[in-house]
Amino acid sequence: MTSYQLRDTTTRQLLARDLADFAAAETALDRLDDELAHDLEANGEGAGRIRLRLDVERVTDGVTETVGHHVLLLGVDDVPDLLPAV
């Protein structure tokens, strides 16, 4: 049986597993994005331009294969425009 999982590329920490298909992995990526943004806001912290790279992995009969990547960027829109208006 095939399932999907999400892993932090840098730390190799498994973030979600036993996802039914690639679409479920994309939904989990969106949920992780929202949860992280919410947690930062609840703690009174700005995102500070956080960049995370996550791997989408397919697991079939115990064999893990990376089948996609997701780069999560937080805080990109948080910086005011410092250029004067023309």
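For the structure given in this document, a descriptive report is provided here. What you see is a predicted model, and the numbers here were worked out from it, not measured in a lab.

## Observations regarding the nonpolar core
Next, step 1: Counting nine residues, the largest nonpolar core consists of Y4, L6, A16, L19, A25, A28, L29, L54 and V56.
Next, step 2: Contributing elements (two or more residues each) for this core: β1 (2–8), β2 (14–19), α1 (22–42) and β3 (50–60).
Next, step 3: Residue contributions to this core peak at three residues, all from α1.
Next, step 4: Sequence-distant contacts of Y4, defined by excluding residues within four places in its chain, comprise R17, D18, L19, A20, D21, F22, A25, V56, E57, R58 and V67.

## Concerning the pattern of salt bridges
Next, step 1: Applying the stated criterion to the full structure yields six salt bridges.
Next, step 2: Taken together, the salt bridges that share partners define one network made up of R7, R12, D55 and E57.

## Quick word on unusual backbone geometry
What is expected of a backbone is that most residues other than glycine have negative phi and most peptide bonds are trans.
Next, step 1: In this model, R12 sits at a positive phi of 65°, which is unusual for a non-glycine residue.
Next, step 2: Position of R12 among the secondary structure elements: in the loop between β1 and β2.
Next, step 3: With phi around 60°, D18 is a residue other than glycine that occupies positive phi space.
Next, step 4: Its place among the elements puts D18 in strand β2.

## Some points on the layout of surface pockets
Next, step 1: Volume-wise, the largest pocket comes out at about 150 Å³.
Next, step 2: Around the largest pocket, the lining residues are D8, Q13, L15, L32, E35, L36, D39, L52, L54 and L72.
Next, step 3: If you list the elements that add at least two residues to the lining of the largest pocket, you get α1 and β3.
Next, step 4: Among the elements that make up the lining of the largest pocket, the one with the highest residue count is α1 (four residues).
Next, step 5: Grouping the amino acids of the lining of the largest pocket by side-chain chemistry returns six nonpolar, one polar and three charged.

Quick notes on the rules
- Residues numbered from 1 in each chain as written.
- Predicted model: local features only at pLDDT ≥ 70, side-chain atom pairs only at ≥ 80, totals over all residues.
- Heavy atoms only, no water.
- Core = buried A, V, L, I, M, F, W, Y, C linked by side-chain atoms within 4.5 Å.
- Buried < 20%, exposed > 50% of the residue type's maximum accessible area, 1.4 Å probe, protein only.
- Helix = DSSP H or I, 4+ residues; strand = E, 2+ residues; numbered from the N terminus.
- Contact = heavy atoms within 4.5 Å.
- Salt bridge = Lys/Arg side-chain N within 4 Å of Asp/Glu carboxyl O.
- 1 Å grid on protein atoms, 1.4 Å probe; cavity = no way out; pocket = protein on both sides within 12 Å on 5 of 7 lines; lining within 4 Å.
- Points joined across faces, edges and corners; volume = space filled by probe spheres on them.
- Nonpolar A, V, L, I, M, F, W, Y, C, P; charged D, E, K, R; others polar.

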